[in-house]
Amino acid sequence: MTDETSTSAVELATELTIAWLSNQNNRVSAEDVPAFLRTMHATVTELASPAPAAEPDTQEPAPDAGFTPAVTARKSLASKEHILSMIDGKPYKTLRRHLSGHGLTPEQYRERYNLKADYPMVAENYSAARREMAMKIGLGQKGRAAKGARKPKSA
(Lines give C-alpha, C1' and ligand atoms only; values in the text may rest on other atoms or scores of the structure.)
Protein backbone atom coordinates (compact mmCIF):
# COMPACT_ATOMS: atom_id res chain seq x y z
CA MET A 1 0.00 0.00 0.00
CA THR A 2 1.36 3.42 -0.89
CA ASP A 3 1.77 6.28 1.54
CA GLU A 4 -0.85 8.30 -0.32
CA THR A 5 -3.49 5.57 0.07
CA SER A 6 -2.46 4.96 3.67
CA THR A 7 -2.69 8.67 4.51
CA SER A 8 -6.03 9.07 2.83
CA ALA A 9 -7.34 6.00 4.67
CA VAL A 10 -6.17 7.46 7.98
CA GLU A 11 -7.69 10.84 7.16
CA LEU A 12 -10.95 9.28 6.02
CA ALA A 13 -11.15 7.06 9.11
CA THR A 14 -10.46 10.12 11.31
CA GLU A 15 -13.14 12.19 9.58
CA LEU A 16 -15.67 9.36 9.88
CA THR A 17 -14.84 8.89 13.55
CA ILE A 18 -15.21 12.62 14.24
CA ALA A 19 -18.54 12.69 12.41
CA TRP A 20 -19.77 9.66 14.32
CA LEU A 21 -18.68 11.06 17.68
CA SER A 22 -20.22 14.49 16.98
CA ASN A 23 -23.65 12.88 16.65
CA GLN A 24 -25.42 13.50 19.94
CA ASN A 25 -27.18 10.13 19.80
CA ASN A 26 -23.86 8.23 19.98
CA ARG A 27 -22.49 8.13 23.49
CA VAL A 28 -19.01 6.69 23.86
CA SER A 29 -16.54 6.82 26.70
CA ALA A 30 -13.11 8.32 26.03
CA GLU A 31 -11.43 4.90 26.45
CA ASP A 32 -13.45 3.44 23.57
CA VAL A 33 -12.52 6.10 20.99
CA PRO A 34 -9.05 4.69 20.05
CA ALA A 35 -10.49 1.20 19.54
CA PHE A 36 -13.28 2.64 17.39
CA LEU A 37 -10.75 4.63 15.34
CA ARG A 38 -8.64 1.47 14.78
CA THR A 39 -11.73 -0.45 13.68
CA MET A 40 -12.78 2.38 11.37
CA HIS A 41 -9.28 2.54 9.84
CA ALA A 42 -9.22 -1.23 9.27
CA THR A 43 -12.62 -1.06 7.60
CA VAL A 44 -11.66 1.87 5.36
CA THR A 45 -8.39 0.14 4.40
CA GLU A 46 -10.24 -3.07 3.61
CA LEU A 47 -12.76 -1.22 1.48
CA ALA A 48 -9.99 0.68 -0.34
CA SER A 49 -8.12 -2.49 -1.28
CA PRO A 50 -9.19 -4.36 -4.43
CA ALA A 51 -11.97 -6.85 -3.80
CA PRO A 52 -10.89 -10.51 -3.74
CA ALA A 53 -12.38 -12.90 -6.27
CA ALA A 54 -15.79 -14.20 -5.36
CA GLU A 55 -15.76 -17.49 -3.52
CA PRO A 56 -17.34 -20.41 -5.38
CA ASP A 57 -19.35 -21.39 -2.28
CA THR A 58 -22.02 -18.70 -2.13
CA GLN A 59 -25.05 -18.91 0.13
CA GLU A 60 -27.55 -17.72 -2.46
CA PRO A 61 -28.97 -20.26 -4.90
CA ALA A 62 -28.54 -19.75 -8.60
CA PRO A 63 -31.39 -17.76 -10.18
CA ASP A 64 -32.68 -20.81 -12.05
CA ALA A 65 -32.33 -23.19 -9.08
CA GLY A 66 -35.45 -24.25 -7.19
CA PHE A 67 -35.97 -23.48 -3.52
CA THR A 68 -35.39 -26.28 -1.06
CA PRO A 69 -38.29 -26.59 1.39
CA ALA A 70 -37.50 -26.78 5.11
CA VAL A 71 -40.11 -29.55 5.52
CA THR A 72 -42.11 -31.78 3.20
CA ALA A 73 -45.64 -30.85 2.19
CA ARG A 74 -46.98 -33.86 4.07
CA LYS A 75 -45.12 -32.92 7.26
CA SER A 76 -46.22 -29.28 6.97
CA LEU A 77 -49.87 -30.39 7.17
CA ALA A 78 -49.39 -33.20 9.72
CA SER A 79 -50.90 -31.25 12.63
CA LYS A 80 -54.39 -29.79 12.74
CA GLU A 81 -53.18 -27.13 15.19
CA HIS A 82 -50.67 -25.44 12.87
CA ILE A 83 -49.05 -25.44 9.44
CA LEU A 84 -45.27 -25.70 9.19
CA SER A 85 -43.78 -23.11 6.88
CA MET A 86 -41.72 -24.52 4.05
CA ILE A 87 -39.54 -21.41 4.22
CA ASP A 88 -38.26 -21.83 7.78
CA GLY A 89 -40.01 -24.92 9.18
CA LYS A 90 -41.72 -22.97 11.99
CA PRO A 91 -45.39 -23.52 12.95
CA TYR A 92 -48.04 -20.92 12.11
CA LYS A 93 -51.82 -20.86 12.46
CA THR A 94 -52.03 -18.81 9.29
CA LEU A 95 -49.29 -18.29 6.71
CA ARG A 96 -50.46 -15.02 5.11
CA ARG A 97 -48.57 -12.58 7.34
CA HIS A 98 -45.49 -14.84 7.37
CA LEU A 99 -45.48 -14.97 3.57
CA SER A 100 -45.94 -11.22 3.18
CA GLY A 101 -42.93 -10.74 5.45
CA HIS A 102 -40.94 -12.71 2.88
CA GLY A 103 -42.46 -10.78 -0.04
CA LEU A 104 -44.61 -13.67 -1.25
CA THR A 105 -48.26 -14.13 -2.05
CA PRO A 106 -49.95 -17.47 -1.37
CA GLU A 107 -49.89 -18.18 -5.11
CA GLN A 108 -46.15 -17.48 -5.35
CA TYR A 109 -45.53 -19.66 -2.28
CA ARG A 110 -47.46 -22.55 -3.83
CA GLU A 111 -45.60 -22.10 -7.11
CA ARG A 112 -42.18 -21.86 -5.44
CA TYR A 113 -42.62 -25.18 -3.63
CA ASN A 114 -44.71 -26.94 -6.32
CA LEU A 115 -47.82 -27.20 -4.14
CA LYS A 116 -51.35 -27.85 -5.35
CA ALA A 117 -53.69 -24.90 -5.82
CA ASP A 118 -55.80 -26.08 -2.87
CA TYR A 119 -52.88 -26.21 -0.40
CA PRO A 120 -54.24 -24.51 2.75
CA MET A 121 -52.87 -21.27 4.14
CA VAL A 122 -54.69 -21.66 7.49
CA ALA A 123 -54.47 -24.47 10.05
CA GLU A 124 -57.55 -26.72 10.16
CA ASN A 125 -58.47 -26.15 13.83
CA TYR A 126 -57.89 -22.39 13.54
CA SER A 127 -60.18 -22.25 10.52
CA ALA A 128 -62.86 -24.26 12.36
CA ALA A 129 -62.64 -21.97 15.40
CA ARG A 130 -63.00 -18.86 13.22
CA ARG A 131 -65.93 -20.42 11.36
CA GLU A 132 -67.65 -21.30 14.67
CA MET A 133 -67.12 -17.79 16.01
CA ALA A 134 -68.53 -16.25 12.83
CA MET A 135 -71.61 -18.45 12.99
CA LYS A 136 -72.07 -17.65 16.68
CA ILE A 137 -72.17 -13.92 16.06
CA GLY A 138 -74.44 -14.40 13.06
CA LEU A 139 -72.20 -13.47 10.14
CA GLY A 140 -73.79 -14.47 6.86
CA GLN A 141 -77.24 -14.91 8.38
CA LYS A 142 -78.71 -11.53 7.47
CA GLY A 143 -79.70 -12.63 3.98
CA ARG A 144 -81.38 -15.81 5.23
CA ALA A 145 -83.25 -13.95 7.96
CA ALA A 146 -84.52 -11.39 5.47
CA LYS A 147 -85.81 -14.15 3.17
CA GLY A 148 -87.55 -15.87 6.07
CA ALA A 149 -89.21 -12.61 7.18
CA ARG A 150 -90.74 -12.09 3.74
CA LYS A 151 -93.74 -14.31 3.56
CA PRO A 152 -95.96 -14.48 0.54
CA LYS A 153 -99.16 -12.50 0.92
CA SER A 154 -102.28 -14.58 1.00
CA ALA A 155 -105.36 -13.33 -0.80
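For clarity, every value in this text was computed on a predicted model and none was experimentally measured.

**A word on the side chain of Thr45**
Stage number 1. Within the secondary structure, Thr45 sits in helix α2 (residues 32–48).
Stage number 2. Polar side-chain contacts of Thr45 include one of 2.8 Å to the backbone oxygen of His41.

**Things to note about unusual backbone geometry**
Stage number 1. Even without a glycine there, the phi angle at Asn114 is positive, about 50°.
Stage number 2. Here Asn114 shows up in the loop between α5 (106–112) and α6 (124–137).
Stage number 3. Asn114 sits in the exposed class, given a relative accessible area of 71%.

**A few points about the packing of aromatic side chains**
Stage number 1. Per the counting criterion, the structure on display carries 2 aromatic pairs.
Stage number 2. Measuring from ring centre to ring centre gives 5.4 Å for Tyr109 and Tyr113, while their planes differ by 70°; the resulting arrangement is edge-to-face.
Stage number 3. We classify Tyr109 as buried; its relative accessible area is 0%.
Stage number 4. Both rings, one in Tyr109 and one in Tyr119, keep their centres 6.4 Å apart while their planes meet at 50°; by these two values the pair is tilted. Taken together, the positions of Tyr109 in helix α5 and Tyr119 in the loop between α5 and α6 put the pair 10 residues apart, joining distant regions of the chain.
Stage number 5. The buried category is assigned to Tyr119, whose relative accessible area is 5%.
Stage number 6. One aromatic cluster is present, built from ring pairs that chain together Tyr109, Tyr113 and Tyr119.

**Let's talk about the environment of Ala13**
Stage number 1. With respect to the helices and strands, the residue Ala13 is situated in helix α1 (residues 3–22).
Stage number 2. Separated by 28 residues in the primary sequence, Ala13 and His41 place their C-alpha atoms 4.9 Å from one another.
Stage number 3. If near-sequence neighbours (up to four positions away) are discounted, Ala13 is found in contact with Leu37, Met40, His41 and Val44.

**Section: the environment of Ala73**
Stage number 1. Inspection of the secondary structure puts Ala73 in helix α3 (residues 73–76).
Stage number 2. Considered as a pair, Ala73 and Tyr113 are 40 residues apart in the sequence and their alpha carbons are 8.7 Å apart.

**Looking at the nonpolar core**
Stage number 1. Grouped together as the largest cluster of nonpolar side chains are 13 residues, with contacts concentrated most on Met86, Leu95, Leu99, Tyr109, Leu115, Tyr119 and Met121.
Stage number 2. For Met86, the contacting residues outside a window of four places in its chain are Thr68, Pro69, Ala70, Val71, Thr72, Ala73, Tyr109, Tyr113 and Leu115.

**With respect to the pattern of salt bridges**
Stage number 1. In the structure shown here, the tally under the stated rule is 1 salt bridge.
Stage number 2. Among the salt bridges present, the one from Glu124 reaches Lys80, with a minimum N-O distance of 3.8 Å. Of this pair, Glu124 sits in helix α6 while Lys80 sits in the loop between α3 and β1 (83–84), and the two are 44 residues apart along the sequence.
Stage number 3. Look at Lys80 and you get partly exposed, because its relative accessible area is 48%.

**Considering a nonpolar patch on the surface**
Stage number 1. On the surface, a nonpolar cluster with roughly 210 Å² of combined accessible area is contributed by Trp20, Leu21 and Val28.
Stage number 2. Mapping Trp20 onto the fold places it in helix α1.
Stage number 3. Looking at Trp20, the relative accessible area reads 30%, which means it is partly exposed.

**Details of the side chain of Arg110**
Stage number 1. With respect to the helices and strands, the residue Arg110 is situated in helix α5.
Stage number 2. Despite its burial, Arg110 pairs with no opposite charge, the nearest such side chain being Glu107 at 4.4 Å.
Stage number 3. When residues no more than four places from it in sequence are discounted, the contact partners of Arg110 are Leu115, Lys116, Ala117, Tyr119 and Met121.

The rules we used
- Residues numbered from 1 in each chain as written.
- Predicted model: local features only at pLDDT ≥ 70, side-chain atom pairs only at ≥ 80, totals over all residues.
- Heavy atoms only, no water.
- Helix = DSSP H or I, 4+ residues; strand = E, 2+ residues; numbered from the N terminus.
- Polar contact = N/O pair within 3.5 Å; in protein donor to acceptor, adjacent residues only side chain to side chain.
- Buried < 20%, exposed > 50% of the residue type's maximum accessible area, 1.4 Å probe, protein only.
- Phe/Tyr/Trp six-rings, centres within 6.5 Å; stacked < 30°, edge-to-face > 60°.
- Contact = heavy atoms within 4.5 Å.
- Core = buried A, V, L, I, M, F, W, Y, C linked by side-chain atoms within 4.5 Å.
- Salt bridge = Lys/Arg side-chain N within 4 Å of Asp/Glu carboxyl O.
- Patch = residues over 30% accessible without salt bridge, like charges linked within 9 Å, V, L, I, M, F, W, Y side chains within 5 Å.
- Areas by Shrake-Rupley, 256 points an atom, 1.4 Å probe, with all protein chains shown as cover.
- Lys, Arg positive; Asp, Glu negative; His and termini not counted.

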